[in-house]
Amino acid sequence: TPGGPDEGRGAARDGREPIAARAWRRPARAEELDLLADLVEGAIGAGDSFERGVQIGLTAILISPHFLFRVEIDPSPIDPTAVHPIGEYELATRLSYFLWSSLPDDDLLAAAAEGRLRRDLAAQVSRLLDDPRSRALVENFGGQWLQTRRLGRAAPDPATYAAFDDDLRRSMQIETEMFFSYILKSNRSVLDFIAADYTFLNQRLAEHYGIAG
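So, a few notes on the structure that sits alongside this text. (Residues numbered from 1 in each chain as written. Predicted model: local features only at pLDDT ≥ 70, side-chain atom pairs only at ≥ 80, totals over all residues. Heavy atoms only, no water.)

Some points on the overall build of the chain
- The secondary structure content of the chain amounts to eleven helices and zero strands.
- The order of helices and strands in the chain, counted from the N terminus, is α-α-α-α-α-α-α-α-α-α-α.
- Over its C-alpha trace the chain gives a radius of gyration of 25 Å, far above what one expects of a compact globule, namely 17 Å for 213 residues.
- In terms of overall dimensions, the chain has a C-alpha envelope of 75 × 40 × 35 Å along the principal axes.
- The burial tally for the chain puts 31% of its 213 residues in the buried class.
- Considering only intrachain contacts with a sequence separation of at least 6, the fraction spanning at least 24 residues in the chain is 55%.
- Looking at the chain, you have 24 positive and 33 negative side-chain charges, and the mean spots of the two groups are 4 Å apart. (Helix = DSSP H or I, 4+ residues; strand = E, 2+ residues; numbered from the N terminus. Rg over C-alpha atoms; globule rule 2.2 N^0.38 Å. Buried < 20%, exposed > 50% of the residue type's maximum accessible area, 1.4 Å probe, protein only. Contact = heavy atoms within 4.5 Å. Lys, Arg positive; Asp, Glu negative; His and termini not counted. Charge placed at Lys NZ, Arg CZ, Asp CG, Glu CD.)

Observations concerning the environment of Pro132
- Relative to the assigned elements, Pro132 resides in the loop between α7 (121-130) and α8 (135-145).
- In this structure Pro132 comes out as exposed when scored by relative accessible area, which is 68%.

Overview of α7
- Considered for burial, the residues of α7 that qualify are Gln124, Leu128 and Leu129. Considered in projection along α7, the buried side chains sweep an arc of 135° and stay on one side of the axis. When the buried face of α7 is taken as reference, the exposed residues oriented beyond 90 degrees from it are Ala122, Ala123 and Asp130.
- On its buried side, α7 packs onto α5 (88-99), α6 (106-113), α8 and α9 (166-185). (Arc of directions from axis to C-beta.)

A look at the packing of α5 against α7
- Here α5 crosses α7 at 30°, and the two axes come no closer than 10 Å. Comparing the axis directions of α5 and α7 gives the class roughly parallel. As α5 runs across α7, the sense of the crossing is right-handed. Seen from α5, the contacting residues are Leu91, Leu95, Ser96 and Leu99; seen from α7, they are Leu121, Gln124, Val125, Leu128 and Leu129. (Axes fitted to C-alpha atoms, helices over the stretch in contact; angles between N-to-C directions. Parallel < 35°, antiparallel > 145°, perpendicular 65-115°, else oblique. Left-handed = near helix turned anticlockwise from the far one by under 90°.)

Describing the nonpolar core
- The biggest cluster of nonpolar side chains holds 13 residues, and the ones touching the most others in it are Ala92, Leu95, Leu99, Leu108, Leu117 and Leu128.
- Tallying contributions element by element places α5 first for this core, with four residues.
- Excluding residues that lie within four positions of it along the chain, Leu128 makes contacts with Leu95, Ser96, Leu99, Trp100, Leu108 and Ser134. (Core = buried A, V, L, I, M, F, W, Y, C linked by side-chain atoms within 4.5 Å.)

Points about α6
- What α6 keeps buried is the set Leu108, Leu109, Ala111 and Ala112. Down the axis of α6, the sector holding all buried residues measures 160°, keeping them to one side. Turned more than 90 degrees off the buried face of α6, the exposed positions are Asp106 and Ala113.
- Looking one or two places after α6, you find Gly115, whose phi comes out positive at around 70°.

Comments concerning unusual backbone geometry
- The backbone of Arg25 shows a phi angle near 65°, a positive value even though the residue is not glycine.
- When you line up the elements, Arg25 lands in the loop between α1 (8-24) and α2 (30-45).
- The phi angle at Asn187 is positive, at roughly 55°, despite the residue not being glycine.
- The residue Asn187 is located in the loop between α9 and α10 (192-195) in this model.

This is the structure:
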């Protein structure tokens, strides 16, 4: 909050900087922070409170394409025939959304800021996969690839599969998710998806599959 009537712009600018950087997954540029401060000042000039001005500034951050989309900026001037590596912040965003379906964390952003993310990529991938948030990769990517999302709409013939119910359906989904997660985190061969001699069972599934013990 501003300490006096002449400090509103600085407070608005400084207060929005960390929020914009988190939302946009990169440091906000000076001209972008100036535009946010202009919004706050404009609201105050129209008779609104500082708090209302801040609310308008926050709204601007959250409706920005840089928040709503994963924007990757081409180098200037643009050569449509050229190939170029993405930036470190863009790499952090790709990595976190693929493995976590969420924003980069502080460690990823710090590595990007220091220009070492690409160099430390393997270690960062291992760290992200070891984090509980990598569950999103199993549920989202695995759910699309293996089509386990369609399991909820499966309706086997009750005359043939009289024992099939929602508990068994859920057990099948958990089995597949645990299987996918194990292959991923244990760095097993992708061929295990076709020819593995192991799986993950509870008693109900074991009985359904006819597996003893």
